[in-house]
Amino acid sequence: MNKIGHNRPPLDPSDTIRKNINRRKVIVDEGIKLFKGSPLPTWIELSLIDVCNRSCSFCPKSDEKVAPDTYQKMSKKLIDKLHDDLKKINYQGAITLCGYGEPLLHKEIEYICKKLSKVSTVEIVTNGDPLNYKVIQKLYNANLSRLLISMYDGPEQITKFKNMIKKSNVPEDFVILRDRWYTETENFGVKLTNRAGTISTGNQIANDVHTVCYYPSYQFLIDWNGDIFLCPQDWQRRQAMGNMMQEEVFEIWTSKIMKKYRVDLLNGKRVNNPCKSCNATGTLLGINHAKIWREKYKI
């Protein structure tokens, strides 16, 4: 396993964000594979379960009118089909288990990790609450590639989780600790966005500051029911690109509607929902995918 974690104190919110982006660049922007003349995604996010045990003010889950806990969860049947679809295209990217809920609340998390690890590296982003040293051991033994723990309570959690990691006897770089306990004036220690117009807390920038976006050039999100969305910013689930239980993943990835959004965003046109309400910086990752798509589309 590559030692690209960032568990060394002192922690700083901007430094942690920078290191996380650089870590993902290695996965997203290098070694892009083509299939039938189209660049394949290198980042797929799964929303395994629509419930979270926390309510963070910078997250839409803090407002039950916007993102209520429905307790719906992804089925093993869907996981099996995703495995098969990705195997067909020789997928070489990463899968991250995060999305619209706390992934470790899914009771089949070990099965999911073990199954998907056969076709991809698999990461989990968690708030850490469901963890103990035995759970960490089980996740490692289920072939999880990396466990990212977002610490929201305070720096005292560093010692707590480091002791847990040591007791679990897994490699130190298997776990990445991320400081997320900062105040609203420090944007809570996250790369803050308005989640496509869903929240306004923190130091939000205007929607028209960023125009070009690479999100649909390199990645997508799969919801618990198989609906595929452009990116994890669309918390209101306003525009699905398709459903992977009805079509194969590659067909959706290269579909007409995906192309429309991709072309518009490569041209700096945030004119469709949910993009026109989004203030996210869409060019931090995916520049190499964008170059290939521009050549393919002749734009």
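Everything below is about the structure shown above.
Read on for a plain summary of the structure. Fair warning: this is a prediction, and the values are worked out from it, not measured in the lab.

Looking only at helices and strands, one finds nine helices and ten strands in the chain. Its C-alpha atoms give the chain a radius of gyration of 18 Å, within 12% of the compact-globule value 19 Å for 299 residues. Each of the 299 residues in the chain was classed as buried or not, and the buried ones make up 54%. Within the chain, contacts between residues at least 6 apart in sequence are counted, and of these 72% link residues at least 24 apart.

Turning our eyes to something else, we now look at the pairing of strand S3 (residues 43–46). Of the two faces of S3, both are covered, the one formed by Trp-43 and Glu-45 as well as the one formed by Ile-44 and Leu-46. Where S3 meets strand S4 (residues 94–97), four bridges bridge the pair, whose relative direction is parallel. Its bridge partner lying in S4, Trp-43 is registered against Ala-94. With helix H2 (residues 76–88) bridging S3 and its parallel neighbour S4, the resulting β-α-β unit is right-handed. In this sheet, strand S8 (residues 219–222) lies alongside S3 in parallel orientation, the contact comprising four bridges. Counted as the bridge partner of Leu-46 is Ile-222 from S8.

Turning our attention to the state of the cysteines. The final tally for this structure, using the stated rule, is zero disulfides. The thiol of Cys-52 is unpaired, and the distance to the nearest cysteine sulfur, on Cys-56, comes to 6.5 Å. As a non-bridged cysteine, Cys-231 has Cys-278 as the owner of its nearest cysteine sulfur, 6.0 Å distant. You can call Cys-231 buried: its relative accessible area is 9%.

A full pass over the atoms with the stated rule returns nine aromatic pairs. Taking 5.7 Å as the distance between ring centres and 50 degrees as the angle between the ring planes, the aromatic pair formed by Phe-220 and Trp-253 counts as tilted. Remark: Trp-253 occurs in helix H7 (residues 249–253) and Phe-220 occurs in strand S8; sequence separation between them is 33 residues. The class for Phe-220 is buried, based on a relative accessible area of 1%. Since its relative accessible area comes to 2%, Trp-253 is described here as buried. Relative to Trp-293, the ring of Trp-253 has its centre 6.0 Å away and its plane inclined at 65 degrees; by these criteria the two rings are edge-to-face.

Here is what the cut-offs are and how they apply
Residues numbered from 1 in each chain as written. Predicted model: local features only at pLDDT ≥ 70, side-chain atom pairs only at ≥ 80, totals over all residues. Heavy atoms only, no water. Helix = DSSP H or I, 4+ residues; strand = E, 2+ residues; numbered from the N terminus. Rg over C-alpha atoms; globule rule 2.2 N^0.38 Å. Buried < 20%, exposed > 50% of the residue type's maximum accessible area, 1.4 Å probe, protein only. Contact = heavy atoms within 4.5 Å. Pairing = 2+ DSSP bridges. Right-handed = clockwise from strand over helix to strand, strands pointing away. Disulfide = S-S within 2.5 Å. Phe/Tyr/Trp six-rings, centres within 6.5 Å; stacked < 30°, edge-to-face > 60°.

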